[in-house]
Amino acid sequence: MGLGEHDEVTAAAIARLAGVSRAAVANWRKRYPEFPKPVGGSGHSPTFSLAEVEEWLKATGKGDQLATAGQTETGTQRVDNPDQFPSDLPYAWERCSLDRLQEPERGVADLTSGELLARVMASLLPHSTASAGPSSGWEADVPVVLDPACSEATLLLAVADRFGTEVRLAGQEIQLTATETAVQRLSENPLGTLYEIHTGDSLLENQFSGYLGAVAAVVCEPPFDQPQWPSAELATDPRWDFGTPAPRDGELAWVQHCYAHLRPRGVAVVAVTPRTCLQPSGQQIRAALVRSGVLRDVIALPKGMGSAPDTDVYLWVLQRPYGPPDHREVRMVDLSRLGDAADVPYEFAAWERLFGEADPTVSRAVPRLELLDGETNLLPSRYVTPWAEASTDDFAHVTDRLHTLYLQAVQGLPRFAAPTAPTHHSHVTLGELERAGVLTVRARDDTPRAGDVLLRTLGRPPIVATGTAADDTGIAQIVEIDPARLDAYFLASFLRADAGALPAANTLGALNRDDLRRCRVPRLPLAEQQRYGYAFRHLQELQEVLAALERVSTHVIEQTVYGLIAGVLAPEYTLMKNTDDTPAADEEKRKL
């Protein structure tokens, strides 16, 4: 059934109708007083008259922002009125929309791993990447920054955040859906940076061949999930300045593709996997990159920092020489053992400080002849002094401290008494509680608030919202409760069994609203609910502490193994004695 003139739509539906993000709709409501007022729904999820929304979109031209989107003859995605641009432009550059409100700046801790990687890569570009001043028109000499595997433009947005209108952005992506998302995100960026996005295979159908040897910088996280690249079709391509990569060395093809577009003194920052740093089949190409003076830095990042989960990422920084090759040392930087990815430098000045300090446990300038000796292994851990240069006493102190923490965690394990009488609860469904006004099942698109109970996807247990960014992961349903009549932790905990027993009707493993309303919880007074809720909350916090201890323990064991390998520790060891003098421990000793 289609939408009629009297139908009501949510903000999310308006976003889909106009082809923009929900944040853009929220900005319209704040920025334009004439935006249609809600006609129904709730304060958390208002609804609007479809007819009024369509009339407003037509009157303001907002509905045309993506209506004209399509492929130009060059493959460029158009998002604005083509008539407003000069007809003599060699390429269809678009300007990021300036009529959108800028969202509050997000802290490093709020970024996803892909966003943090993008910020780090953009921060490695030198100041010379940008022009001397902002671009106010369509000057041909505005420097171009290219991402030939731009996906949804995460890297290009990071470059825009750093350089604003002092650069122009160029991107190509093989997936049309990702290209459309990239166009939308760039059009919503408030900085006004010019951009051009193409769809197609960058290696086989390079839409930026006219920029070979001409761009100021390249940033690229190649697709790591492709086992082979089209080596047969491109065997004689002139882009392979340093040798034709083997069929399974696709990342080396991407590295050379990025380098081929650089102008003299241009810089490329390319993400690669550890395999590319040491695979025997790529040894000759790595050696050529080192020998020519093109490879400037190799940076090992903390695990899981790439867009692909559980992928170790290394950054290669390349620079096209101007004149004779520059044979200065290659900086090897090992940040792989950082405990928090947010500690990686994400500002150019921070990188300069790190390089200037030359801490031997983090960074070392390696002579090129040393790199060329053998298989041209480009793993920084091969050349940087390991962090395991700690003393035996340091290891002993860490082990003692970990032992104490485990004892404290064990002492936190609660002992529950048996009920004084058989427990026979009567139950009530969530649907009945909703009709009584005790709770409200809200739309998953709403923003959760602290104290809401969140049902989640992929079979994850329900949780109580904290009001932080951590709440936004995998929300299936949001349950708002009346805290004067229902305890949130009581509800979340008892829903574990009932919600988990129902079969999910979709691929996300999430309950729909009807199934959720059929779930039951015991009918108990609020004080009794709070007793259960407190016990459940204690167990949840203890589980989080033990999970953190597991991560720390794994790190300590890895460092201890490294200490044995590095010769800091001897292979003789003793087992630690139990120093727990608690009554429970004494009772266990008496039983023995």
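Please refer to the structure placed before this passage.
Keep in mind that this is a model prediction, so the values were computed, not measured.

Asker: Would you take a moment to explain helix H16 (residues 526-566) for this structure?
Answerer: Counting along an α-helix, one turn takes 3.6 residues, and residues three or four places apart therefore face a common direction. A rise of 1.5 Å per residue sets the reference length of H16, with its 41 residues, at 60 Å; its end C-alpha atoms lie 59 Å apart and thus fit the reference within 8%. Within the span of H16, buried status applies to Gln-529, Gly-533, Ala-535, Leu-542, Leu-549, Ser-553, Val-556, Gln-559 and Gly-563. Of the residues flanking the end of H16, it is Gly-567, one or two places downstream, whose phi is positive at about 85 degrees.

Asker: Would you mind showing me how to read the sheet that holds strand E16 (residues 453-456) here?
Answerer: Note: strands within a sheet are paired through backbone hydrogen bonds, in either parallel or antiparallel orientation. The 4 strands are arranged E15-E18-E16-E17 in an open sheet whose pairing can be described as antiparallel. Looking along the sheet, the strands with just one partner apiece sit at the ends: strand E15 (439-442) and strand E17 (463-464). Relative to strand E18 (residues 475-481), E15 is paired through 4 bridges, and the arrangement is antiparallel. From the neighbouring strand, Thr-440 faces E18, where its bridge partner is Glu-480.

Asker: When you look at unusual backbone geometry in this model, what are you seeing that I'm missing?
Answerer: At Ser-151, a residue that is not glycine, the phi angle is positive and equals roughly 50 degrees. Residue classification places Ser-151 among the partly exposed residues on the basis of a relative accessible area of 37%. One non-glycine residue, Ala-153, lies in positive phi territory at about 75 degrees. When you line up the elements, Ala-153 lands in the loop between strand E5 (144-147) and helix H5 (154-163). Judged by its relative accessible area of 0%, Ala-153 falls in the buried class.

Asker: Explanation requested: the packing of helix H12 (residues 392-411) against H16 in the structure shown.
Answerer: For any two helices packed against each other, one specifies the inter-axial angle together with the distance between the axes. At their nearest, the axes of H12 and H16 sit 11 Å apart, and the two run at 160 degrees to each other. Here H16 runs roughly antiparallel to H12, going by the angle between their axes. Here H12 runs over H16; the crossing is left-handed. Side by side, H12 and H16 meet where Phe-395, Val-398, Leu-402, Leu-405, Tyr-406 and Ala-409 of the first sit next to Leu-542, Leu-546, Leu-549, Glu-550, Val-552, Ser-553, Val-556, Gln-559, Thr-560 and Gly-563 of the second. In the contact of H12 with H16, the residues fall into 11 nonpolar, 4 polar and 1 charged.

Asker: Explain the packing of aromatic side chains here, please?
Answerer: Applying the stated criterion across every chain, the model contains 11 aromatic pairs. Between Phe-35 and Trp-56, the ring centres sit 4.8 Å apart and the planes meet at 70 degrees, which makes this aromatic pair edge-to-face. Of this pair, Phe-35 sits in the loop between helix H2 (22-31) and strand E2 (40-41) while Trp-56 sits in helix H3 (residues 50-60), placing them 21 residues apart in sequence. Exposure remark for Trp-56: the relative accessible area of 6% places this residue in the buried category. An aromatic cluster of three or more residues is present, and its members are Phe-490, Phe-494, Tyr-532 and Phe-536. Arg-320 extends its terminal NZ or CZ atom over the ring of Tyr-259, reaching a point 4.3 Å from the ring centre. Over the ring of Phe-355 we find Arg-331, and its NZ or CZ is 3.8 Å from the ring centre.

Definitions and cut-offs
Residues numbered from 1 in each chain as written. Predicted model: local features only at pLDDT ≥ 70, side-chain atom pairs only at ≥ 80, totals over all residues. Heavy atoms only, no water. Helix = DSSP H or I, 4+ residues; strand = E, 2+ residues; numbered from the N terminus. Expected span 1.5 Å × (residues − 1). Buried < 20%, exposed > 50% of the residue type's maximum accessible area, 1.4 Å probe, protein only. Pairing = 2+ DSSP bridges. Axes fitted to C-alpha atoms, helices over the stretch in contact; angles between N-to-C directions. Parallel < 35°, antiparallel > 145°, perpendicular 65-115°, else oblique. Left-handed = near helix turned anticlockwise from the far one by under 90°. Contact = heavy atoms within 4.5 Å. Nonpolar A, V, L, I, M, F, W, Y, C, P; charged D, E, K, R; others polar. Phe/Tyr/Trp six-rings, centres within 6.5 Å; stacked < 30°, edge-to-face > 60°. Lys NZ or Arg CZ within 6 Å of the ring centre and 35° of its normal.

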